[in-house]
Amino acid sequence: MVGAGQLARMTQQAAIALGVELRVLAGSRDESAAKVVVDTRLGDHRDLDDLMALAKGCDVVTFDHEHVPTELIESLGTPARPGAAALVHAQDKRVMRERLTALGVPCPRWSSTDFTAPVVLKAVRGGYDGRGVWVARTQAEVDEVVSHGIDLIAEEIVPFERELAVLVARSPHGQGVAYPVVETVQEDGICVEVIAPAPGLDPELAAEAQRIALTIAEELGVTGLLAVEMFQTATGLLVNELAMRPHNSGHWTIEGARTSQFEQHLRAVLDLPLGSPEMAAPVVVMANLLGGPDPDVYSRYEHVMANDPAIKIHFYGKDVRPGRKIGHVTALGDDLDEVRARARHAVTCLRGPLSA
């Protein structure tokens with residue numbers, strides 16, 4: 001696995017149970033997965049020699065991020081899943097929009113040339129977690145973003161009712177499965193909460209969302225996981241973003257589904273039979289833990305565990321910084337309000353006081 005962030009760290013947990021030997025490429029020994037994966041190689045994901053050394057003796061190469069140049073992936077010789085031809089659609093927003101538009105997938109109106117306010121401007125490459133996205137409501141705001149010389153596309157500002165995400169998996173032989181559609185809650189461009197299944201979603205619309213995601217996976221030739229972020233609007237669904245790897249919207253599956261997204265990704269890229277995406281409880285809520293002003297998060301374990309023995313806490317082995325994703329908690333149950341309150345209480349306690 002190229003990359004050693006929290007996605008690789010959680011993939012290692014699934015690999016142990018499957019008897020899969022995982023090797024990761026890390027930039028330093030301080031990265032999340034490098035702290036727990038024995039076979040950690042240090043190197044640069046933009047260096048072909050480092051990638052070749054990582055791939056030597058492996059059955060397959062996969063990724064915990066989308067930043068590996070496609071021309072290097074094509075030069076590896078070892079099967080890469082997803083392959084370069086698919087992964088480029090998660091790397092380049094212009095390529096993604098052009099392809100999805102050609103496939104007839106519902107998307108926001110967009111342009112590579114018309115930057116007229118009001119508009120959403122997106123960096124063609126390199127944006128994530130709200131970075132590389134600017135909502136410009138005046139022409140002066142547009143001109144300010146454009147002045148930095150970033151390669152951009154423009155999209156309409158969508159009056160959406162809420163944001164949804166669909167996680168699907170596809171194997172090299174074309175077997176595909178879809179997880180229940182979830183609702184994602186964003187603050188400042190960062191996902192803070194995922195609710196599974198999306199509350200009150202019409203079953204026909206849920207089935208349509210899954211169909212769209214599975215169609216994209218097939219048409220783009222994705223192998224492994226594909227996360228499709230969508231807007232739910234008054235007139236239907238619009239595809240917002242794609243990610244071809246385990247995804248934050250799927251962390252709830254570790255305890256909340258029969259097969260976690262991390263196990264599913266390994267099954268898919270190794271061309272094993274895919275696991276059941278069925279939920280393990282009627283309601284699952286995952287809340288992201290963002291670093292607060294008090295870095296001593298671990299001292300608050302005891303209160304959270306004693307207050308709710310059923311809450312599940314995951315830490316990523318990262319230094320605590322305000323606003324940084326350092327972990328998540330998951331709550332399961334029968335009642336949405338109760339489960340959501342438990343998850344929110346846990347992250348609030350773990351973050352600590354509002355002022356240090």
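Structural data are supplied above this passage.
Residues numbered from 1 in each chain as written. Predicted model: local features only at pLDDT ≥ 70, side-chain atom pairs only at ≥ 80, totals over all residues. Heavy atoms only, no water.

Novice: Would you mind going over the packing of aromatic side chains with me for this structure?
Specialist: Aromatic ring pairs are defined here through the distance separating the ring centres and the angle between the ring planes. All chains considered together, the criterion is met by five aromatic pairs. With a centroid separation of 4.7 Å and 10 degrees between ring planes, the pair formed by F160 and F231 is classed as stacked. Taken together, the residues F160 in the loop between β6 (152-155) and β7 (162-170) and F231 in strand β11 (residues 224-233) connect sequence positions 71 residues apart. Taking the relative accessible area as the measure of exposure, F231 reaches 9% and is therefore buried. (Phe/Tyr/Trp six-rings, centres within 6.5 Å; stacked < 30°, edge-to-face > 60°. Helix = DSSP H or I, 4+ residues; strand = E, 2+ residues; numbered from the N terminus. Buried < 20%, exposed > 50% of the residue type's maximum accessible area, 1.4 Å probe, protein only.)

Novice: Help me out: how do you make sense of helix α5 (residues 93-103) in this one?
Specialist: Residues that lie three or four places apart on an α-helix share one face, since the helix turns once every 3.6 residues. Taken as a whole, α5 has its buried residues at K93, M96, R97 and L100. Buried residues of α5, seen end-on, are gathered within an arc of 95 degrees and therefore sit on one face of the element. Elements in contact with the buried residues of α5: α4 (84-91), β3 (110-111), β4 (119-123), β6, α7 (203-220) and β12 (236-243). Taking the backbone nitrogen of R94 as reference, a side-chain oxygen 3.0 Å away marks D92 as the first, capping residue of α5. Backbone geometry just downstream of α5 places G104 in the positive-phi region, at approximately 80 degrees. (Arc of directions from axis to C-beta. Contact = heavy atoms within 4.5 Å. Polar contact = N/O pair within 3.5 Å; in protein donor to acceptor, adjacent residues only side chain to side chain.)

Novice: Help me understand the pattern of salt bridges, please; the structure alone is not making it clear to me.
Specialist: Note that side chains of opposite charge can pair when their charged atoms are close. Applying the stated rule across the entire model yields 19 salt bridges. The partner of D39 in a salt bridge is R23, and the shortest N-O contact between them spans 2.9 Å. Taken together, the residues D39 in strand β2 (residues 39-42) and R23 in strand β1 (residues 23-26) connect sequence positions 16 residues apart. With a relative accessible area of 26%, D39 lands in the partly exposed category. Judged by relative accessible area, which is 15%, R23 ranks as buried. Across the pair K122 and E155 runs a salt bridge whose closest N-O atoms are separated by 3.0 Å. Here E155 lies in strand β6 and K122 lies in strand β4, a separation of 33 residues in the sequence. Overall, K122 belongs to the buried group, its relative accessible area being 4%. Among the residues examined, E155 registers a relative accessible area of 4% and is labelled buried. (Salt bridge = Lys/Arg side-chain N within 4 Å of Asp/Glu carboxyl O.)

Novice: Looking at this structure, I do not really get the packing of α5 against α7. What am I missing?
Specialist: Packed helix pairs are specified by the crossing angle of their axes together with the interaxial distance, meaning the distance between the axes. At a minimum axis separation of 11 Å, α5 and α7 run at an interaxial angle of 110 degrees. In terms of axis orientation, α5 runs roughly perpendicular to α7. Facing α5, whose interface residues are R99, L100 and L103, α7 presents I216, E219 and L220. Here the contact of α5 with α7 is built from residues that sort into four nonpolar, no polar and two charged. (Axes fitted to C-alpha atoms, helices over the stretch in contact; angles between N-to-C directions. Parallel < 35°, antiparallel > 145°, perpendicular 65-115°, else oblique. Nonpolar A, V, L, I, M, F, W, Y, C, P; charged D, E, K, R; others polar.)

Novice: Sorry, what's going on with the pairing of strand β9 (residues 182-187) here?
Specialist: In the case of a regular strand, side chains alternate between the two sheet surfaces. Two elements, β7 and β9, share three bridges in a ladder whose sense is antiparallel. Within β9, the residue paired with A165 across the bridge is V182. Examined bridge by bridge, β9 and strand β10 (residues 190-196) share five bridges and lie antiparallel to one another. By the bridge assignment for β10, E187 is matched with I190. Where β9 folds back onto β10 in an antiparallel hairpin, the turn is made up of two residues, including D188, whose phi is positive at roughly 55 degrees. (Pairing = 2+ DSSP bridges.)

Novice: I'm lost on unusual backbone geometry in this one. Help?
Specialist: Phi is mostly negative for residues that are not glycine, and the peptide bonds are mostly trans. Here A117 and P118 are connected by a cis peptide whose omega angle stands at -5 degrees. Checked against the element boundaries, P118 lands in the loop between β3 and β4.

Novice: Would you mind going over the side chain of R23 with me for this structure?
Specialist: Among the polar contacts listed, one links the side chain of R23 to the backbone oxygen of K56, at a separation of 2.8 Å. Apart from the residues within four sequence positions on either side, R23 is in contact with M1, D39, R41, A53, L54, A55, K56 and C58.

Novice: Where do I start with the pairing of strand β13 (residues 283-290) in this structure?
Specialist: Among the eight residues in β13, eight count as buried, and that is most of the element. Along β13, one buried face is formed by V283, V285, A287 and L289 and the opposite face, lined by V284, M286, N288 and L290, is buried too. Relative to β13, β10 runs antiparallel, the two being bridged by four bridges. Across the sheet, residue I195 finds its bridge partner in β13, namely V285. Note that β13 and strand β15 (residues 325-333) share eight bridges and pair antiparallel. By the bridge assignment for β15, M286 is matched with T330.

Novice: Help me understand the environment of Y179 in this model?
Specialist: In this structure, Y179 sits in the loop between β8 (176-178) and β9. Y179 gets classed as buried once you look at its relative accessible area, which sits at 1%. Expressed as a C-alpha distance, the spacing of Y179 and S260, which sit 81 residues apart in the sequence, is 10.0 Å. Looking at Y179, its side chain comes within polar contact range of the side chain of Q264, at 3.3 Å.

Novice: Which parts of the structure should I look at to understand the packing of α4 against α5?
Specialist: Remark: α4 packs on α5, axes separated minimally by 6 Å, with the N-to-C direction vectors making an angle of 110 degrees. It follows from the interaxial angle that α4 and α5 lie roughly perpendicular. Contact with α4, carried on its side by V88, H89 and Q91, involves K93, V95, M96 and R99 of α5 and no other residues of that element. Classifying every residue of the contact of α4 with α5 by side-chain character gives three nonpolar, two polar and two charged.

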